[in-house]
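Report on the structure
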Amino acid sequence: MVWEVFLWVIFFIIIMALIASNLYQIVCLSDLEADYMNPYESSSRINAVVVPEMVLHGLCSALLLVTGYWFMFLLTLPITIYNSMLYMNRQHLIDVTEVFRYVDAEKKYRIAKLALYLFLFVLVVIRSVVAGKFSNVLEPFRPTNEDLDILSHVLEF
């Protein structure tokens, strides 16, 4: 039961990193679309975070599989398979010369991933609260009845 709290904290950190990476890529693509950024700069910034994002997503999926959270693993499996297909076909990086041709498709793909990551974030937060609620690790930090008696402290004045 103690390891479960730490596991959900690790999932929380991984999901937050995935959300931040995905938002960064969407902002770079939007800046490219609005002509605030040139294609080379946008492609190099996005390509710098694509592989770490894939590794983090694969690590999250593997941890979910190993720990037995099947529902969440099955939610992450399609993107893991798609990422591995892109990596094996060497199509995971954005090409500078063809970035304008695929900017809409890349944005839609990243927005779909962001929606999944936000859904996973909500699930991780809920599971973290449930795991922490029944955990004995947090027992010393739980307030006692005397700490919650605010009314008696107010009436003492």
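Everything discussed here concerns the structure shown above.
Here's a quick rundown of the structure. Here the residue numbers are simple positions, counted from 1 along each chain's written sequence. Predicted model: local features are reported for residues with pLDDT of at least 70 only, side-chain atom pairs are reported and counted for 80 or more only, and whole-chain, interface and lining totals are derived from all residues. Values shown for side chains rest on all heavy atoms present in the structure; no hydrogens or waters enter the calculation.

Here's the deal with the overall build of the chain
Inclusion rule: Secondary structure elements are taken from DSSP: a helix is a run of H or I of four residues or more, a strand is a run of E of two residues or more, and numbering for both begins at the N terminus. For the exposure calls, accessible area comes from a 1.4 Å probe over protein chains only, and a residue counts as buried if that area is under 20% of its type's maximum, exposed if over 50%, partly exposed in between. We call two residues in contact whenever any of their non-hydrogen atoms come within 4.5 Å of each other. Surface exposure here means Shrake-Rupley accessible area, sampled with a 1.4 Å probe, where a residue is shielded only by the protein chains that are shown.
Helix and strand counts for the chain stand at 5 helices and 0 strands. Taking all 157 residues of the chain together, the buried fraction comes to 32%. When contacts within the chain are restricted to residue pairs at least 6 apart in sequence, those whose partners lie at least 24 apart make up 77%. Of the roughly 10100 Å² that the chain leaves accessible, carbon and sulfur atoms contribute 69%.

Looking at the side chain of Thr-76
Tracing the backbone shows Thr-76 in helix 3 (residues 70-88). For Thr-76, a relative accessible area of 1% translates into the label buried. Excluding residues within four positions of it along the chain, Thr-76 makes contact with His-57, Ser-61, Leu-64 and Leu-120.

A few points about helix 2 (residues 39-67)
Defined as follows: Here, expected helix span is obtained from the residue count minus one, scaled by 1.5 Å.
For helix 2, built from 29 residues, the straight-helix expectation of 42 Å at 1.5 Å per residue is met to within 8% by its first-to-last C-alpha distance of 42 Å. Of the residues making up helix 2, those classed as buried are Ser-42, Ser-43, Ile-46, Val-50, Glu-53, Met-54, His-57, Cys-60, Ser-61 and Leu-64. Positive backbone phi, at 90°, marks Gly-68, one or two positions downstream of helix 2.

Digging into the layout of surface pockets
Rolled over the atoms, a probe with the dimensions of a water molecule shows which regions are left empty. In plain terms, the rule: Definitions used throughout: a 1 Å grid over protein atoms alone; a cavity as a set of points that fits a 1.4 Å probe which cannot get out; a pocket as an open set with protein on both sides within 12 Å along at least five of seven lines; a lining residue as one with an atom within 4 Å of a point. Grid points are joined across faces, edges and corners, and a volume is the space filled by probe spheres set on the points.
Considered as a void within the structure, the largest pocket measures approximately 380 Å³ in volume. As for the largest pocket, its lining consists of 21 residues, of which Leu-86, Gln-91, Leu-93, Ile-94 and Glu-106 are closest to the centre. When residues of the lining of the largest pocket are traced back to their parent elements, those giving at least two are helix 2, helix 3 and helix 4 (99-133). The dominant element in the lining of the largest pocket, judged by the number of residues it contributes, is helix 4, at 8 residues.

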